[in-house]
Amino acid sequence: MLFDKFQTMADFQAELAEQHVKPFGAVTEKILSATEGVVEGRNVILAGTNNYLGLSFDPRCIEASREAASRWGTGTTGSRLANGSFTEHQALEKEIAEFYGVDHAIVFSTGYAATMGMCSTLAGPGDTILLDADSHASIYAGVKLSGADIIRFKHNNPEDLAKRLRRLGDRAGQALIIAEGIYSMLGDVAPLQEIAAVKREYGGYLFLDEAHSMGALGETGRGAAQAAGVEADVDFFAGTFSKSLGAIGGFCVSQHAELEAIRFCINAYIFTASSAPSIIASTRAALRIIQEEPQLRQQLWDNAHRLYDGLKALDLPVGPTASPVVAVEMEDRKATIECWKALMAAGVYVNLVIPPASPSTNFLLRNSISAAHTSEQIDTIIAAYSDLIATGLITPTSKAT
Amino acid sequence: MTDYQEYLDFLYSALEFQNKKQLALSEDTELVADMGLSSLEVMEFIEKIEDHFDISIPLNILPDVNTIGDLARKVRELNL
């Protein structure tokens with residue numbers, strides 16, 4: 001039957017409804033600031049929004065957006081290839097290229113469209129793609145559409161990548177290697193110096209998704225490759241405007257002039273309407289701010305360390321290093337849902353992540369931190385986790401059996 | 001060049017530890033439907049094959065693989 005495959009999900013949703021809990025698609029009724037809102041009837045600290053630099057409420061971004069809506073209207077009502085390329089879109093492409101110090105850029109309507117579109121188009125039948133096993137769903141969707149041979153290498157494992165490139169023999173030089181800067185679920189950073197060294201040895205083209213690392217890493221906020229000093233080894237940088245830049249949209253930039261021809265071959269770019277000018281305008285403002293105010297990045301990392309150190313001190317199962325994404329891994333679905341519910345009751349909204357969105361069979365309480373969080377808010381988040389331990393909802397690592 | 005039977009024999013031996021149901025394995029045994037392998041177990045099994053033959057098995061060929069025989073034929077093709 002057509003609908004049989006959805007039964008498991010329907011049962012799960014019914015189970016959540018019985019528990020009066022709505023972790024997926026929880027409705028935000030009011031946004032009070034970049035870090036506070038009313039979600040499902042509760043005043044909560046927002047600790048699962050990817051609003052890393054807190055720019056979604058920056059008055060300069062709001063004013064730019066307001067002014068663009070007045071001048072250009074609410075939407076473009078068309079594709080970039082038809083009537084949807086306004087001077088705003090063109091200006092943002094120029095500015096994002098300049099930000100990365102390259103000559104070519106494409107702006108997409110969403111981050112998903114950027115990575116899915118690029119990965120589905122760059123390689124085709126007869127080509128080979130090597131992607132990190134923990135790649136984002138948009139990358140998996142793209143490579144599946146590409147028609148290329150798809151080979152996974154072990155997550156963040158340059159030796160496995162090297163082994164697989166070696167196995168390709170002469171084809172290695174034409175392979176497309178795909179990695180991410182910061183991985184979205186656990187917040188771990190790719191070992192880009194080692195990956196770049198492997199690429200230099202075997203050849204290939206490196207596509208790097210900086211969705212969660214742009215604005216967060218690197219001397220000027222360009223991301224993980226800048227922080228690792230290997231930008232020259234990256235052929236294509238992709239990213240999003242919906243995280244550090246506080247809006248929505250995506251991009252791909254490259255030093256390869258071929259990007260201008262590739263633009264006309266990407267269905268996810270051609271067959272969708274372009275971003276509303278108001279979105280483009282706030283993104284441009286945010287891009288200027290992250291260049292002018294590097295202290296935002298410092299504040300983000302101070303906050304990330306405060307949360308990570310606090311959860312680590314509670315002996316909770318967090319990742320190996322501090323990151324703007326701090327995930328607490330759990331094995332039991334029901335217990336994770338109970339924890340999520342208790343966190344909400346304590347006034348803390350985090351993301352509940354279940355497989356296959358999590359990279360293993362584990363469940364996650366995923367926290368993302370913002371430069372806009374106050375120390376008091378972070379301490380409240382840590383205290384809420386401490387209460388989970390006190391009430392026996394979660395077991396510290398050292399006491400886990 | 002290794003022939004089809006040798007690939008099959010290797011797959012049987014590699015599946016030994018994952019044969020939880022103690023099935024009598026044949027080329028028609030289905031990895032998921034009959035053996036009940038989870039997606040994670042399938043990936044571990046694939047990796048074992050990859051390392052043994054020093055090849056990479058592309059993910060995109062897996063939808064066409066149901067039985068041990070299907071896999072033996074694909075591995076043979078890749079290893080030619």
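Here the residue numbering is sequential within each chain, running from 1 through the sequence in written order. Chain letters start at A and ligand numbers start at 1, both assigned in the order the entries are written. Two thresholds apply to this predicted model, a pLDDT of at least 70 for residue-level local features and 80 or more for giving and counting side-chain atom pairs, whereas whole-chain, interface and lining totals are computed over all residues.

Caption draft 1: Focus on the overall build of chain A. Counting secondary structure elements, chain A contains 14 helices and 14 strands. Computation of the radius of gyration draws on C-alpha atoms alone. For the globule rule, the value is 2.2 Å times the number of residues to the power 0.38. Computed over its C-alpha atoms, the radius of gyration of chain A comes to 21 Å, within 12% of the 21 Å expected for a compact globule of 401 residues. In terms of overall dimensions, chain A has C-alpha extents of about 60 × 55 × 50 Å along its principal axes. A residue pair is marked as a contact if its C-beta atoms, positioned from the backbone, fall within 7 Å. Counted over contacts in chain A with a minimum sequence separation of 6, partners at least 24 positions apart contribute 71%. Where helices and strands are cited, they refer to DSSP runs of H or I of at least four residues and of E of at least two residues respectively, numbered from the N terminus.

Caption draft 2: Summary view of the overall build of chain B. Counting its secondary structure elements, chain B contains three helices and zero strands. Listed N to C, the secondary structure of chain B is α-α-α in terms of helices and strands. Here the C-alpha atoms of chain B give a radius of gyration of 11 Å, agreeing with the 12 Å that 2.2 N^0.38 yields for 80 residues. In terms of its C-alpha atoms, chain B occupies a principal-axis envelope of roughly 30 × 25 × 20 Å.

Caption draft 3: Inspection of the interface of chain A and chain B at higher detail. Facing the seven residues of chain A at the interface are seven residues of chain B. Among the secondary structure elements, those contributing two or more residues to the side of chain A that touches chain B are strand E6 (149-153) and helix H6 (158-168) of chain A. Considering each element in turn, the side of chain A that touches chain B owes the most residues, four residues, to E6(A). Residues are grouped as follows: Ala, Val, Leu, Ile, Met, Phe, Trp, Tyr, Cys and Pro are nonpolar; Asp, Glu, Lys and Arg are charged; every other residue, Gly included, is polar. Here the residues of the side of chain A that touches chain B sort into two nonpolar, one polar and four charged.

Caption draft 4: Main features of the pairing of strand E2 (residues 36-39) of chain A. Residues and elements named next belong to chain A. When DSSP finds two or more bridges between two strands, those strands count as paired. Judged from the three bridges that link them, strand E1 (residues 28-31) and E2 form a sheet pairing that is antiparallel. Bridge pairing in E2 links Lys30 to Val38. Here E1 hands over to E2 after four residues, the two strands then running antiparallel side by side.

Caption draft 5: Broad picture of the domain arrangement of chain A. Residue and element names in this part refer to chain A. As assigned here, chain A comprises domain 1 (4-57 + 294-399) and domain 2 (59-292). By convention here, the domain bounds are inherited from an automatic or database domain assignment. Relative placement of domain 1 and domain 2: their C-alpha centres are 27 Å apart. If you list the elements that add at least two residues to the side of domain 1 that touches domain 2, you get helix H12 (295-313), strand E11 (325-330) and strand E14 (363-368). Across the side of domain 1 that touches domain 2, the residue classes tally to 13 nonpolar, six polar and two charged.

Caption draft 6: Representation of the sheet that holds strand E10 (residues 250-254) of chain A within the structure. Residue and element names in this part refer to chain A. Strand order in the open sheet made by the seven strands is E4-E10-E9-E8-E7-E5-E6, with mixed pairing throughout. Taken across any chain shown, the strands that pair with only one partner, and hence form the sheet edges, are strand E4 (104-108) and E6. With direction set aside, neighbouring strand axes in the sheet form an average angle of 20°. Here five bridges tie strand E9 (residues 236-240) to E10, and the two strands are oriented antiparallel to one another. The partner of Phe236 across the bridge, within E10, is Ser254. Angles run from 0 to 180 degrees between N-to-C directions of axes, and those axes are lines fitted to C-alpha atoms, restricted for helices to the stretch in contact. Seen against the sheet, helix H4 (residues 111-122) touches E4, strand E7 (176-180), strand E8 (205-209), E9 and E10 and runs at an angle of roughly 45° to E10.

Caption draft 7: Structural view of the packing of helix H1 (residues 4-15) of chain B against helix H2 (residues 39-53) of chain B. Residue and element names in this part refer to chain B. Contact geometry for H1 and H2: axes closest at 11 Å, N-to-C directions at 130°. Relative to H2, the element H1 lies oblique. For the crossing formed where H1 meets H2, the hand is right-handed. Two secondary-structure elements touch here, H1 through Phe10, Ala14 and Leu15 and H2 through Phe45, Lys48, Ile49 and His52. Here the residues of the contact of H1 with H2 are counted per class, giving five nonpolar, one polar and one charged. Note that the term roughly parallel is reserved for angles under 35 degrees, roughly antiparallel for angles over 145, roughly perpendicular for angles of 65 to 115, and oblique for everything else. Take the far helix as the reference: if the near one is turned anticlockwise from it by less than a right angle, the crossing is left-handed, and if turned clockwise, right-handed.

Caption draft 8: Broad picture of the nonpolar core. Note on terminology: a nonpolar core is any set of buried Ala, Val, Leu, Ile, Met, Phe, Trp, Tyr and Cys residues joined through C-beta atoms within 7 Å. Field definition: a residue is buried when 20 or more other C-beta atoms are found within 10 Å of its C-beta, exposed when 12 or fewer are, and partly exposed for counts in between, with C-beta atoms placed from the backbone. A:Ile129, A:Ile177, A:Phe207 and A:Phe251 are the most contacted members of the largest nonpolar core, which totals 124 residues. Looking at this core, you find at least three residues from each of domain 1 (4-57 + 294-399) and domain 2 (59-292) of chain A. The residues touching A:Phe251, leaving out its near neighbours within four places in the chain, are A:Ile96, A:Ala105, A:Ile106, A:Val107, A:Phe108, A:Ala114, A:Ala238 and A:Gly239. Counting residues in hydrophobic clusters, the runner-up holds 13 residues, among them B:Tyr7, B:Leu15, B:Leu31 and B:Val65.

Caption draft 9: Region of interest: the sheet that holds E14(A). All names here are of chain A. Strand order in the open sheet formed by three strands is E11-E14-E13, with antiparallel pairing between adjacent strands. For this open sheet the edge positions go to E11 and strand E13 (351-353), each flanked by a neighbour on one side alone. Strand-to-strand, the axes of this sheet are offset by a mean angle of 25°, without reference to chain direction.

Caption draft 10: Looking closely at the packing of H4(A) against helix H5 (residues 137-146) of chain A. All names here are of chain A. For the pair H4 and H5, the least separation of the axes is 7 Å and the interaxial angle reads 30°. As summarised for this structure, H4 and H5 are arranged roughly parallel, according to the angle between their axes. Between H4 and H5 lies a crossing of right-handed hand. In this structure, H4 contributes Tyr112, Thr115, Met116, Gly117, Met118, Cys119 and Ser120 to the contact, and H5 contributes Ser138, Ile139, Ala141, Gly142, Val143, Leu145 and Ser146.

Caption draft 11: Here's a closer look at the environment of A:Lys199. Residue and element names in this part refer to chain A. Relative to the elements of secondary structure, Lys199 occurs in helix H7 (residues 192-202). A C-alpha to C-alpha distance of 30 Å links Lys199 and Ile290, two positions 91 residues apart in sequence. The contact partners of Lys199, leaving out residues within four places of it in the chain, are Ile177, Gly204, Leu206 and Asp233.

Caption draft 12: Representation of the confidence of the model for chain B in the model. Residue and element names in this part refer to chain B. A residue's pLDDT is the confidence the predictor assigns to it, expressed on a 0 to 100 scale. For chain B, per-residue confidence averages 91 on the pLDDT scale, and residues scoring 70 or more make up 98% of the total. Helix H3 (residues 68-78) holds the highest mean pLDDT among the elements of chain B, 94, whereas H2 holds the lowest, 91. Interface predicted TM-score (ipTM) for the complex: 0.90; the corresponding pTM is 0.95.

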